[in-house]
Amino acid sequence: GVVSSADEHSEVQISCLLDLSDDELASVMHHISRLEDVLAFCSSVARLNGLRARLPRWVFAHGELNTVGCNALVLALQRPLPVRVVELGQLAGEVEDTCSENLWKEIGASRTLDALTVRFNAFGCAGALTIAQMVASNQALRSLTLEMCDIGPQGARALAHAMCESSSLNTFGLPYNKLGPDGARAIADGMGSSSSLTSLDLRANRMGHSGAEAIANGLARCHSLQMLNMSTNDLGGRGAVALAAGLRRRHRLTAVDFGFSGLDETGTLTLLAVLRGGTIVSIGLGHCGLRSVEGATAVSECITTSHRLSKLNLRDNSFGRDAAMALIDAGAFRGALRWLQLKFNQFDGPTKAMLHL
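Being a predicted model, the structure only gives us computed values, none of them experimental.

## Points about the overall build of the chain
Here is step 1: Helix and strand counts for the chain stand at 15 helices and eleven strands.
Here is step 2: With the model as given, the accessible surface of the chain reaches about 15,600 Å², and the carbon-plus-sulfur share is 49%.

Written as structure tokens, this is what we have:
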């Protein structure tokens, strides 16, 4: 209700934006969803210098932008703005190609934009090519996430090429994009050529074990990578072994997640043996087949030898009471660990009470 496009109220309501605190202003931005709100916001940005200076983060993630709203956003972006973060939701199917191309062009021309996140679109290969061109033209962009945007393997190849050509991009995410093994191979090729990539999010892309093998090869050649999310990717035990081999050759990671990817306990133990110690801070191994006392002992060894490890997710495994006692006896609850998730294992009531679950 703070933002309105009604002519008789726009002056008053736009002025109200200037009276909000930074947190309140960010909340208004986060909840913009109606087209008229987008238009009013863009109008206010264009007219009030004091508002422009206080809006480094633009979030239009909760509604569809049609052609009119998209054009309004393009016009606002053409102003000299300090915008550093842009988040976009779905562009309506009616948005004309020239309008979306102009949007990517203006985003690409920004010299202050650090991070771009776009969700819930059906860009396909053609859209990925356009976005790849934007990445190539914007040497200030440091973070790009395209979530559930139907990128596919060919689109992944175009974006991976842009990733390795960029000297600024260090955070790259393509979660939920049906990349498959071919897309994984394309990303792996880009990893080997990138000198700036530090974070890679490839959740839920149906990569399978052959995709894991490709990413493992990329890991061995990507010296800068610190964070990797491969969760929900049906990697299997074979994929886990391949990833462990890649990590063994080049492991400077601080955060990894292989959860819910069909790993068996043998594969998970192979990964734990490589990850322990060194630089690791966060590990995600939810639903990874851990069930035995041997598995619990391996987890404990990882915790006690990894002096920087502060977060470990072991939810939805099959640990029982004996495994819980092994964790306790081996000192799993001592050291730097601040967050340990053990929910939805197979603990009985007394064990849950003992573990404060």
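## Some remarks on the side chain of Asn 345
Here is step 1: With respect to the element layout, Asn 345 can be found in the loop between β11 (339-341) and α15 (349-354).
Here is step 2: Classification of Asn 345 as buried rests on a relative accessible area of 12%.
Here is step 3: Within the structure, Asn 345 has its side chain in polar contact with the backbone oxygen of Leu 314 (distance 3.1 Å).

## Some words on the pattern of salt bridges
Here is step 1: Enumeration according to the criterion identifies ten salt bridges in this entry.
Here is step 2: The partner of Glu 301 in a salt bridge is Arg 276, and the shortest N-O contact between them spans 3.0 Å. Taken together, the residues Glu 301 in helix α13 (residues 293-305) and Arg 276 in the loop between α12 (265-275) and β9 (282-284) connect sequence positions 25 residues apart.
Here is step 3: Taking the relative accessible area as the measure of exposure, Glu 301 reaches 36% and is therefore partly exposed.
Here is step 4: Among the charged side chains, a network of salt bridges with common partners joins Arg 84, Asp 114 and Arg 142.

## A short note on unusual backbone geometry
Here is step 1: Located in the positive-phi region is Asp 150, a residue other than glycine, with phi close to 55 degrees.
Here is step 2: On the secondary structure map, Asp 150 appears in the loop between β4 (143-147) and α8 (152-165).
Here is step 3: The phi dihedral of Asp 234 is positive, around 40 degrees, even though this residue is not glycine.
Here is step 4: Along the chain, Asp 234 turns up in the loop between β7 (227-229) and α11 (236-249).

## Observations regarding the nonpolar core
Most often, soluble globular proteins keep nonpolar side chains buried together rather than apart.
Here is step 1: Residues Leu 116, Leu 144, Leu 159, Phe 172, Ile 187, Ile 215 and Phe 258 are the most contacted members of the largest nonpolar core, which totals 97 residues.
Here is step 2: In terms of residue count, α8 provides more of this core than any other element does, six residues in total.
Here is step 3: Setting aside its immediate chain neighbours within four residues, Phe 172 contacts Leu 144, Leu 159, Met 163, Ile 187, Leu 197, Ser 199, Leu 200 and Asp 201.

## What to know about the pairing of strand β2 (residues 85-88)
Here is step 1: Both faces of β2 are covered, namely the face carrying Val 85 and Glu 87 and the face carrying Val 86 and Leu 88.
Here is step 2: Summarising the sheet, strand β1 (residues 57-60) and β2 pair through four bridges and their orientation is parallel. Bridging from a neighbouring strand, Arg 57 pairs with Val 85 of β2.

## Section: the sheet that holds β4
Here is step 1: Pairing is parallel in the open sheet, where eleven strands are placed in the order β1-β2-β3-β4-β5-β6-β7-β8-β9-β10-β11. Two strands close off the open sheet at either side, each with one partner strand: β1 and β11. Across the sheet, the axes of successive neighbouring strands diverge by a mean angle of 5 degrees, strand direction being ignored.

## Quick notes on a nonpolar patch on the surface
Here is step 1: On the surface, Phe 120, Met 148 and Tyr 176 cluster together into a nonpolar patch covering about 280 Å² of accessible area.
Here is step 2: Looking at the element boundaries, Tyr 176 is found in the loop between β5 (171-173) and α9 (180-193).
Here is step 3: For Tyr 176, a relative accessible area of 36% gives the class partly exposed.

Definitions and cut-offs
- Residues numbered from 1 in each chain as written.
- Predicted model: local features only at pLDDT ≥ 70, side-chain atom pairs only at ≥ 80, totals over all residues.
- Heavy atoms only, no water.
- Helix = DSSP H or I, 4+ residues; strand = E, 2+ residues; numbered from the N terminus.
- Areas by Shrake-Rupley, 256 points an atom, 1.4 Å probe, with all protein chains shown as cover.
- Buried < 20%, exposed > 50% of the residue type's maximum accessible area, 1.4 Å probe, protein only.
- Polar contact = N/O pair within 3.5 Å; in protein donor to acceptor, adjacent residues only side chain to side chain.
- Salt bridge = Lys/Arg side-chain N within 4 Å of Asp/Glu carboxyl O.
- Core = buried A, V, L, I, M, F, W, Y, C linked by side-chain atoms within 4.5 Å.
- Contact = heavy atoms within 4.5 Å.
- Pairing = 2+ DSSP bridges.
- Axes fitted to C-alpha atoms, helices over the stretch in contact; angles between N-to-C directions.
- Patch = residues over 30% accessible without salt bridge, like charges linked within 9 Å, V, L, I, M, F, W, Y side chains within 5 Å.

Take it as geometry only, folks, not as evidence of what the structure does.
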